[in-house]
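Residues per chain are reported as follows:
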Amino acid sequence: MECANLKSVLPKFHQHVNFATRGAKALDVVYANISSAYRVEPRPHLGYSECMSVMLIPAYRPIVRRSKLLLKQVRTWPAGAISALQVCFEQTTWITFKEAATDTVNLEEYTASVTGYISKCIDDVTVSKTIITCPNQKLWMTAEVRVLLRTRDSSFRAGDREDLRKVRAKLSRAIRKQSLRTHRGSMDTSKTLVTHGKCAVTAADVRRTLHGVNPRKAAGPDNILGHVLRECVDQLADVLTDIFNISLSCTIVPTCFKTTTTVPVPRKPTVLCLNDYRPVALTSIIMKCFERLVMRNIKTQLPPSLDPLQFMYRSNRSTDDAIATTLHLALTHLDKKGTYVRMLFIDFSSAFNTIVPQHLIGKLSLLGLNTSLCNWILDFLTGRPQSVQIGSSTSNTTTLSTGAPQGSIFSSLLFTLLTHDCAAMHSLNHIIKFADDTTVVGLINKDNESAYREEVRELVSWCKANNLYLNVDKTKQMVVDFRRTR
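About the cut-offs
- Residues numbered from 1 in each chain as written.
- Predicted model: local features only at pLDDT ≥ 70, side-chain atom pairs only at ≥ 80, totals over all residues.
- Heavy atoms only, no water.
- Core = buried A, V, L, I, M, F, W, Y, C linked by side-chain atoms within 4.5 Å.
- Buried < 20%, exposed > 50% of the residue type's maximum accessible area, 1.4 Å probe, protein only.
- Contact = heavy atoms within 4.5 Å.
- Pairing = 2+ DSSP bridges.
- Helix = DSSP H or I, 4+ residues; strand = E, 2+ residues; numbered from the N terminus.
- Axes fitted to C-alpha atoms, helices over the stretch in contact; angles between N-to-C directions.
- 1 Å grid on protein atoms, 1.4 Å probe; cavity = no way out; pocket = protein on both sides within 12 Å on 5 of 7 lines; lining within 4 Å.
- Points joined across faces, edges and corners; volume = space filled by probe spheres on them.
- Nonpolar A, V, L, I, M, F, W, Y, C, P; charged D, E, K, R; others polar.
- Parallel < 35°, antiparallel > 145°, perpendicular 65-115°, else oblique.
- Left-handed = near helix turned anticlockwise from the far one by under 90°.
- Arc of directions from axis to C-beta.
- Salt bridge = Lys/Arg side-chain N within 4 Å of Asp/Glu carboxyl O.

Draft legend 1. Structural context of the nonpolar core. Counting 81 residues, the largest nonpolar core has Phe244, Ile298, Trp376 and Ile377 as the members making the most contacts within it. Excluding residues within four positions of it along the chain, Trp376 makes contact with Ser247, Leu248, Thr251, Ile252, Val253, Met287, Phe290, Val294 and Phe410. In this structure, Phe311, Val341, Met343 and Val441 belong to the second largest nonpolar core, which totals eleven residues.

Structure, rendered in structure tokens:
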């Protein structure tokens, strides 16, 4: 019997087989959501099959080919450029930068001169050129991979199976090699020193942190690439250690480290309003390394039992643990007679942007963090220059003193410390958190929802007191009820 026409059920799908596949009837049909996605050709019967074979040949243009090509300015590294840069940094007398920054060591001038010099040396050994690229091109699609792809296609067309097998193996190794470069290197677990109530870092700590920099990450406003920091660790570790320790001692973060460039990236293919953009903040990679060292020190000062239902920045915990805990609480309760569960999935509006630094510092002091470190964090969160860049155009700079930069390494940690006191009041309720993703689990007995509703009211009051706003459009509630009679 002939297959039913699915056009009435799936009006946006298109059927591509336009010939009979068994006798005079088309019993084999292919639906796709793209019109003219395939070119269909009949083929002989397979074995003793009564139906003809159908060959599908892709006829649509891939998205990467349909996207408009872009002109992009890139920096290329000639042969020997890294070696020349290493020699340049080795022959540099870094102490002169410190001595030139007045007698009392002006940290702003010292840091700006060092980062400016590093950026100038990078410009001297590299060559800028304009290339044509696709906006959604994969990071691992390099010139080497393209050559191997063409070689693979040639071997396939020639019918040389042995050569095709070798080329495929080389292609897989090349893609794997380039993909690994896009991932972050292994991070060290060293501890930052704390002396006389002030934290300090060692050159060994800085070296290990620089070795873990992802070389494919975009540079910040200072134009210093992660690739340079990783390759010139031995030459830069000492001067960066000195800058970091002066910053921690003076509880001042240099302005060039706090400067942020925000690039709006579309969330969806068709942009209709400003909310369809996702702001991506580009910050200094040197500052990100500094933040990792400070974050390690913060963790050592926190009590291990702090906020047990917060699953971010906890050793051996992940989103899987948060989901498993939520399911365990709900399913264990549902095993009992006359019970059901209410889950409130909370979404905060611009959670990181609404942090009040002074309010956060008060909570950090109550948690036992030393005053010097609290003052350093306060300076990090205030007086942050920020500009917006779209293509080659850059807006005027504005200074922010609220919120935490989303390109920052430990902004999520600071948010978790801000919300550590957001805990359930009743034993039948639980608040599960992963950074700003929060779920209220209410275990209901005998239709008594008073404890759950009071918990939600208290949570709303807590949000107002901590300058957090609920996004009511994205905040959803789910009821899990397996009872037959309700």
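Draft legend 2. A look at the sheet that holds strand S15 (residues 429-434). A sheet is described by the order of its strands in space; here four strands give the open sequence S15-S16-S11-S17, paired in antiparallel fashion. Each edge of the open sheet carries a strand with a single partner, namely S15 and strand S17 (476-480). Here the average twist between neighbouring strands, direction ignored, is 15°. Of the pairings in the sheet, the one linking strand S11 (residues 339-346) to strand S16 (residues 437-445) comprises eight bridges and is antiparallel in character. Counterpart to Thr339 in the pairing with S16 is Asn445. Where helix H12 (residues 319-334) meets the sheet, its contacts fall on S11, S15, S16 and S17, and the angle it forms with S11 comes to roughly 155°. Relative to the sheet, helix H16 (residues 450-465) contacts S11, S15, S16 and S17, its axis offset from that of S11 by approximately 10°.

Draft legend 3. Here's a closer look at the layout of surface pockets. Volume-wise, the second largest pocket comes out at about 1,000 Å³. Lining the second largest pocket are 24 residues, with Arg267, Pro279, Ser350, Asn353 and Gln406 sitting closest to its centre. Those elements giving two or more residues to the lining of the second largest pocket turn out to be strand S9 (260-266) and strand S10 (277-282). With five residues, the single largest contributor to the lining of the second largest pocket is S10. Taken together, the residues of the lining of the second largest pocket sort by class into ten nonpolar, eight polar and six charged.

Draft legend 4. Structural detail: the packing of helix H7 (residues 203-211) against helix H9 (residues 233-250). Close contact between H7 and H9 brings their axes to 9 Å; oriented N to C, the two are set at 120°. Between H7 and H9, the crossing angle belongs to the class labelled oblique. As H7 runs across H9, the sense of the crossing is right-handed. Along its contact with H7, which presents Ala203, Val206, Arg207, Leu210 and His211, the element H9 presents Val233, Asp234, Ala237, Asp238, Leu240, Thr241 and Phe244.

Draft legend 5. Quick peek at helix H2 (residues 81-90). Those residues of H2 that sit buried are Ala81, Ile82, Leu85 and Phe89. Relative to the axis of H2, the buried residues are bounded by an arc of 95° and lie together on one face. Residues of H2 that are buried make contact with helix H4 (107-125), helix H8 (226-231) and H9.

Draft legend 6. Here's a closer look at the pairing of S16. Burial within S16 is extensive, with seven of its nine residues counted as buried. Taken together, the six bridges between S15 and S16 define a ladder with antiparallel strand orientation. Its bridge partner lying in S16, Phe434 is registered against Asp437.

Draft legend 7. Here's a closer look at the pairing of S11. For S11, the tally of buried residues reaches seven of eight residues, placing the bulk of the element in the interior. Pairing between S11 and S17: five bridges, direction antiparallel. Within the sheet, the bridge partner assigned to Arg342 lies in S17 and is Val479.

Draft legend 8. Here's a closer look at the pattern of salt bridges. Counted according to the given criterion, the structure contains 18 salt bridges. A salt bridge links Arg152 to Asp153; the nearest nitrogen and oxygen atoms lie 3.2 Å apart. Relative accessible area serves as the criterion here: at 28%, Arg152 is assigned to the partly exposed category. According to the relative accessible area criterion, Asp153 is partly exposed, its value standing at 30%.

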